[in-house]
Amino acid sequence: MKLSHSLALTLPLASSWATAADLSVKFEVPRLNVAEYHKPYVAMWVEKADQAVAANLAVLYDVKMKNREGEKWLKDLRSWWRKAGRDAAMPIDGVSGATRAPGVHTMKFDGARFGLDKLPAGDYTLVVEAARESGGREVVKVPFNWTGKGKVDANAAGKDELGAVALQIQ
């Protein structure tokens, strides 16, 4: 079954983040001293406690490659690919975007647009995965607890393909 851009809105309809729904992710793509550097493909998603995908936030890859050739390498984002990618029709509207150069980047996600305002209180994990041609692959998991109100700050750090990853909900 092929899924379209509605994949980003596959969240439960119970309870809500009534007062706080906007999520931002700050992540670092480290500058690596290698002979042949390629910008990494990056996927970001939120998982429920049972590790099911609650929301696809971003899939950053070479979206402008001729004949959609960039999509061929999305399977290198193995964790994301197994959980959500193989059934997705790319590009996903509002989720797909261009790769990022080395540096610190912040992406903001509107709670209503991504259905985050409808997540019930509970334990979740922000997952950020990076894979780079002629390079490595890394997954950084940022666990957080959502009580249904208030602010959340959580962070973790990668070792190779990703640096610091910070989540903020307000």
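First, a word on scope: everything that follows refers to the structure included in this document.

Conventions used here
- Residues numbered from 1 in each chain as written.
- Predicted model: local features only at pLDDT ≥ 70, side-chain atom pairs only at ≥ 80, totals over all residues.
- Heavy atoms only, no water.
- Helix = DSSP H or I, 4+ residues; strand = E, 2+ residues; numbered from the N terminus.
- Buried < 20%, exposed > 50% of the residue type's maximum accessible area, 1.4 Å probe, protein only.
- Areas by Shrake-Rupley, 256 points an atom, 1.4 Å probe, with all protein chains shown as cover.
- Contact = heavy atoms within 4.5 Å.
- Phe/Tyr/Trp six-rings, centres within 6.5 Å; stacked < 30°, edge-to-face > 60°.
- Arc of directions from axis to C-beta.
- Pairing = 2+ DSSP bridges.
- Core = buried A, V, L, I, M, F, W, Y, C linked by side-chain atoms within 4.5 Å.
- Axes fitted to C-alpha atoms, helices over the stretch in contact; angles between N-to-C directions.

**Topic: the overall build of the protein**
Logical step 1: Looking only at helices and strands, the protein features two helices and nine strands.
Logical step 2: Taken from the N to the C terminus, the helices and strands of the protein come in the order β-β-β-α-β-β-α-β-β-β-β.
Logical step 3: The buried share of the protein, taken over its 170 residues, is 44%.
Logical step 4: Within the structure as shown, the protein displays about 8,800 Å² of accessible surface, and the carbon and sulfur contribution to it stands at 49%.

**Points about the side chain of Thr-125**
Logical step 1: Within the fold, Thr-125 resides in strand β6 (residues 122–131).
Logical step 2: Looking at Thr-125, the relative accessible area reads 16%, which means it is buried.
Logical step 3: Beyond its immediate stretch of four places on either side in the chain, Thr-125 contacts Trp-45, Val-46, Glu-47, Lys-141, Val-142, Pro-143 and Phe-144.

**As for the packing of aromatic side chains**
Logical step 1: This model, assessed by the stated rule, comprises four aromatic pairs.
Logical step 2: A centroid spacing of 5.4 Å and a plane angle of 85 degrees characterise the contact between Phe-109 and Phe-114, whose relative ring orientation is edge-to-face. You'll find Phe-109 and Phe-114 in the same group, each marked buried.
Logical step 3: Aromatic side chains Tyr-124 and Phe-144 sit 5.9 Å apart centroid to centroid with 25 degrees between the ring planes, which places their arrangement in the stacked category.

**Topic: helix α1 (residues 78–85)**
Logical step 1: Among the residues making up α1, those that are buried are Trp-80, Ala-84 and Gly-85. Looking down the long axis of α1, one finds its buried residues gathered within 65 degrees of arc, a one-sided arrangement.
Logical step 2: Summarising the contacts, the buried residues of α1 are in contact with β2 (41–48), β3 (53–60) and β6.

**Concerning the sheet that holds β3**
Logical step 1: If you walk across this open sheet you meet the five strands as β4-β3-β2-β6-β7, and the pairing is mixed. Each having just a single partner strand, β4 (96–97) and β7 (137–146) make up the two edges of the open sheet.
Logical step 2: Taken together, the 10 bridges between β6 and β7 define a ladder with antiparallel strand orientation. Residue Val-128 lies in a different strand from β7, and its bridge partner there is Val-140.

**Description of the environment of Val-127**
Logical step 1: With respect to the helices, strands and loops of the structure, Val-127 is situated in strand β6.
Logical step 2: Using a relative accessible area of 1% as the deciding quantity, one classes Val-127 as buried.
Logical step 3: Separated by 84 residues in sequence, Val-127 and Ala-43 place their C-alpha atoms 8.0 Å apart.
Logical step 4: Discounting chain neighbours no more than four positions away, the residues touching Val-127 are Ala-43, Met-44, Trp-45, Glu-47, Val-139, Val-140 and Lys-141.

**Observations concerning the nonpolar core**
Logical step 1: Counting residues in each nonpolar core, the largest one holds 47 residues, and the members touching the most others are Met-44, Leu-57, Trp-80, Phe-109, Leu-126, Phe-144 and Leu-167.
Logical step 2: Broken down by element, the residue count for this core peaks at seven residues, all from β3.
Logical step 3: In this view, Met-44 contacts Val-25, Phe-27, Asn-56, Leu-57, Ala-58, Met-107, Phe-109, Val-127 and Val-128; residues no more than four positions away in its chain are not counted.

**Examining the sheet that holds strand β5 (residues 103–109)**
Logical step 1: The antiparallel open sheet is built from four strands, whose spatial order is β5-β1-β9-β8. Of all the strands in the sheet, the pair left with one neighbour each is β5 and β8 (152–157). This sheet shows a mean twist of 15 degrees between the axes of neighbouring strands, independent of strand direction.
Logical step 2: Examined bridge by bridge, strand β1 (residues 23–29) and strand β9 (residues 164–169) share five bridges and lie antiparallel to one another. For Phe-27, the partnering residue across the bridge sits in β9 and is Val-165.

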